[in-house]
Amino acid sequence: MKLSSLGKCCNRPMEVEEYNAVEKNEKNDGDLEGADDGRERWGSEIEFILSTIGSVVGLGNLWRFPIKVKEYGGAVFLIPYFTMLLIEGVPLFLVEMFIGQKFRAGCIGGFYKIHKALSGIGFATWMIAFYTNLYYNAIVMYTIYYFFASMSKTLPWAKDCPEGELPPEACCNNNTKSQYYWYYKVNRLTNDINDAGSFNWELTLSLLAAWVTCFLCMLKGIKTSGKVVYVTAVFPFIALLGLFIMSMTLDGSSEGVKYFFVPSYKMSFLSQAQKDALDAENPWKNLWNPYCWLEAASQIFYSLSLGFGSCIAFASYNDPKTNFYKHAIGVSIVNSLSSMFAGITIFAILGYSAKQNMASIGSLSTGTGLAFISVSEAIAKIPAPQLWSALFFLMLFMLGIDSQFAGVEGMMTALDDTTLIPKRLHRTAIIGGFCAFSFLIGLPFGMQNGEYLVTLFDNFSANFPLMLVAFFEVISISWVYGINRFCADFKKMTGYYPNIIWRMLWLIITPISLLAILLYTLVDQLTNPIKYEAFVGCKASNLSNVNWTEERNYPVWAWIFAFFLMFSSFLFIPICAVITFLPKWFGPNYDYTLPLVAEHELKGLLPKPMKNDDVEMKEPAKA
């Protein structure tokens, strides 16, 4: 009898027969692709594991994750975070590992080999990685700046505010020096996103140093980066352990940890009026806020590097029979444990800072300033502050640069595997040219309104586009490539046939959850004005009520640019699909497809596409 796609993948007793039928259908495939293709390989399996860990464990864990926890009610955010990890993160991580290892190509070539009409998914992935790498290195820029500032005899954000200068005297107390330093000294921030001001040369040189470091780490591809990760992937864990031990000794650290783990926790040192105000906020309402779920999903995408192409690129250098299933599960666990460990450390420090200021953690600086204001302020008040500050920002730098060159490696691999770049061009020249071009494009981040641009990129360049690309990724594997063929190849490569839970996730649950978040986000973005926090200088009515920013609507050009960031990458998907089918619709004269992959690489790669309904099944013998 014939079974429907869903019936076959859910009827577990027929798994062996199904697998044998798929094997028979693919008899022309021969051995696994890439078994002797001469493609560059990792020097050892540990290099792949460390590179993947270095790619996924980055600023998203230590900087972005605590920000989102703080913004969405503390421990309440952990519920959507782990839900999204299970129904979206891990299933998509396995899909990307499979695409890279199976098709021995980066994101563009991988989807092209599934079907030429899907090459737009690869181009969209490439563009998202490009946008993200631009502003990601701006965060690395700040870590470099603060690292060298930590070498001062006295930390500059611990010094007294200059007399006779803004901000007012009330703002120059111990509780706000780090804010003064961030706004007035580091960024020299203008009062409006429309006012670019002048170049901040210290930040611009730091940005240049970030791109030069990225170039040097990638000088010879994975031969270089595979060795660099022994330092950049391991050192941050050692540094984080030291910071964790230090943070646990701080007064108020336990209050911060409780806030991280206990929903609606009110710190014991707060006044009754402050506790009543927190009761009115009710953090549980965030569970009914779709944006909380969007941010949880996007955090999973950032921390697992999903949709950026780096995972696909790294897996493409694996041996075809590498058990990527084992590695994917292991790396996912390491990544989530790293986020939790980093969260404990950061919130322990925030608990200390909150107690020093007699304020709730929710009232402390958030966004980009979480690490550079709240944490640096706390570090300035502990013994040996220069040591801990240098260690903290060096750790942030290594986490950031590790993920950064992983992202660029994913982009370069995608280009290497296509015919778009002439083979006569040396890879070093291509990487050098790309890094130089990216530095020039990123120069506005070094202007006095640079922090506004970083926030704009963070909010719009990846969140929505990543979900969109992920949706088409899982659809392309489950419904175009075919769940049966996918599971059969999965077993060939790992020795494990995905069970009914995995198949239900890939076929139904993951796509539907992604689509629901996408639709809500799109409607919300189109119906509500987008806003930003504009720096207005210090306005102090008293020492406990100091405001540095106010919420404003983005100007029209920022709206247009935000929607360009959101949709420009996606446009490649329908454009490439339409171009592919033009010859079929209107004749061969309308063939405008690009030969992205050499024909000999496609020959015998896929037999005639097998429909899910084409596999004849026999009922299992009754016991």
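Everything quoted here is computed from the prediction, not taken from an experiment.

Caption draft 1: How the structure looks around the overall build of the protein chain. If you tally the helices and strands in the protein chain, you get 25 helices and two strands. Expressed as a percentage of the 623 residues in the protein chain, the buried residues total 60%. Within the protein chain, contacts between residues at least 6 apart in sequence are counted, and of these 82% link residues at least 24 apart. Within the structure as shown, the protein chain displays about 24,600 Å² of accessible surface, and the carbon and sulfur contribution to it stands at 64%.

Caption draft 2: Examining helix α12 (residues 253-261) more closely. Inspection of α12 places Ser253, Glu255, Gly256, Val257, Tyr259 and Phe260 among the buried residues, and these make up the whole buried set. Looking at the buried residues of α12, the elements they touch are α4 (59-71), α5 (78-103), α11 (235-248) and α16 (324-357).

Caption draft 3: Structural detail: helix α14 (residues 290-304). Along its 15 residues, α14 runs 21 Å from first to last C-alpha, staying within 8% of the 21 Å computed at 1.5 Å per residue. In terms of burial, α14 is largely enclosed, as 13 of its 15 residues are buried. Its side-chain oxygen placed 3.0 Å from the backbone nitrogen of tyrosine 291, asparagine 289 serves as the N-cap of α14. Phi turns positive, to about 55°, at serine 305, one or two residues after α14.

Caption draft 4: Inspection of the packing of α5 against α14 at higher detail. Two numbers describe how α5 lies on α14: the axes approach to 9 Å, and their chain directions differ by 45°. Taken together, α5 and α14 sit at an angle that is classed as oblique. As for the relative orientation of α5 and α14, their crossing is right-handed in sense. Of the residues in α14, those touching α5 at Pro80, Tyr81, Thr83, Met84, Leu85, Glu88, Gly89, Val90, Leu92 and Phe93 are Cys292, Trp293, Ala296, Ala297, Gln299, Ile300, Phe301, Ser303 and Leu304. A breakdown of the residues in the contact of α5 with α14 according to their chemical character gives 14 nonpolar, four polar and one charged.

Caption draft 5: How the structure looks around the side chain of asparagine 61. When you line up the elements, asparagine 61 lands in helix α4. One polar contact links asparagine 61 to asparagine 335, side chain to side chain, over a distance of 3.0 Å. Side-chain polar atoms of asparagine 61 contact the side chain of serine 339, separated by 2.7 Å. In contact with asparagine 61, not counting residues within four places along its chain, are Val56, Pro66, Gln299, Ser303, Asn335, Ser338, Ser339 and Ala342.

Caption draft 6: Molecular detail of the pattern of salt bridges. A full pass over the atoms with the stated rule returns eleven salt bridges. As a salt-bridge pair, aspartate 489 and lysine 102 come within 3.3 Å of each other at their nearest N and O atoms. In this pair, aspartate 489 sits in helix α21 (residues 463-494) while lysine 102 sits in helix α5, placing the two residues 387 residues apart along the sequence. The residues aspartate 489 and lysine 102 share a single accessibility class, namely buried. Glutamate 202 is paired through a salt bridge with arginine 188; the nearest N and O atoms lie 3.1 Å apart. With glutamate 202 in helix α9 (residues 201-217) and arginine 188 in the loop between α8 (177-186) and α9, this pair connects stretches of sequence that are 14 residues apart.

Caption draft 7: Expanded view of the confidence of the model for the protein chain. Residues with a pLDDT of 70 or more make up 81% of the protein chain, whose mean pLDDT is 80. Ranking the elements of the protein chain by mean pLDDT puts helix α1 (residues 5-10) last with 40 and α5 first with 93. Overall, residues 1-31 carries pLDDT values under 50, and its contacts beyond four positions in sequence, including any with other chains, amount to 75 contacts. Within the model, pLDDT remains below 50 along residues 603-623, and this stretch shows 51 contacts once partners closer than five positions in the same chain are excluded.

Caption draft 8: View of empty space enclosed by the protein. In the structure shown here, the tally under the stated rule is two cavities of 30 Å³ or more. In this structure, the largest cavity spans a volume of roughly 170 Å³. The wall of the largest cavity is formed by 17 residues, among which Tyr136, Tyr302, Ser305, Phe308 and Ser403 lie closest to the centre. Elements supplying a minimum of two residues to the lining of the largest cavity: α3 (45-56), α4, α7 (119-149) and α18 (385-416). With four residues, the top contributor of residues to the lining of the largest cavity is α18. When grouped by side-chain class, the residues that make up the lining of the largest cavity number six nonpolar, eleven polar and no charged. In this structure, the second largest cavity occupies an estimated 70 Å³ of space. Broken down by secondary-structure element, the contributors of at least two residues to the lining of the second largest cavity are α4, α11 and α16. Of the residues forming the lining of the second largest cavity, the biggest block, three residues, is contributed by α11.

About the criteria used
Residues numbered from 1 in each chain as written. Predicted model: local features only at pLDDT ≥ 70, side-chain atom pairs only at ≥ 80, totals over all residues. Heavy atoms only, no water. Helix = DSSP H or I, 4+ residues; strand = E, 2+ residues; numbered from the N terminus. Buried < 20%, exposed > 50% of the residue type's maximum accessible area, 1.4 Å probe, protein only. Contact = heavy atoms within 4.5 Å. Areas by Shrake-Rupley, 256 points an atom, 1.4 Å probe, with all protein chains shown as cover. Expected span 1.5 Å × (residues − 1). Polar contact = N/O pair within 3.5 Å; in protein donor to acceptor, adjacent residues only side chain to side chain. Axes fitted to C-alpha atoms, helices over the stretch in contact; angles between N-to-C directions. Parallel < 35°, antiparallel > 145°, perpendicular 65-115°, else oblique. Left-handed = near helix turned anticlockwise from the far one by under 90°. Nonpolar A, V, L, I, M, F, W, Y, C, P; charged D, E, K, R; others polar. Salt bridge = Lys/Arg side-chain N within 4 Å of Asp/Glu carboxyl O. pLDDT = per-residue confidence, 0-100. 1 Å grid on protein atoms, 1.4 Å probe; cavity = no way out; pocket = protein on both sides within 12 Å on 5 of 7 lines; lining within 4 Å. Points joined across faces, edges and corners; volume = space filled by probe spheres on them.

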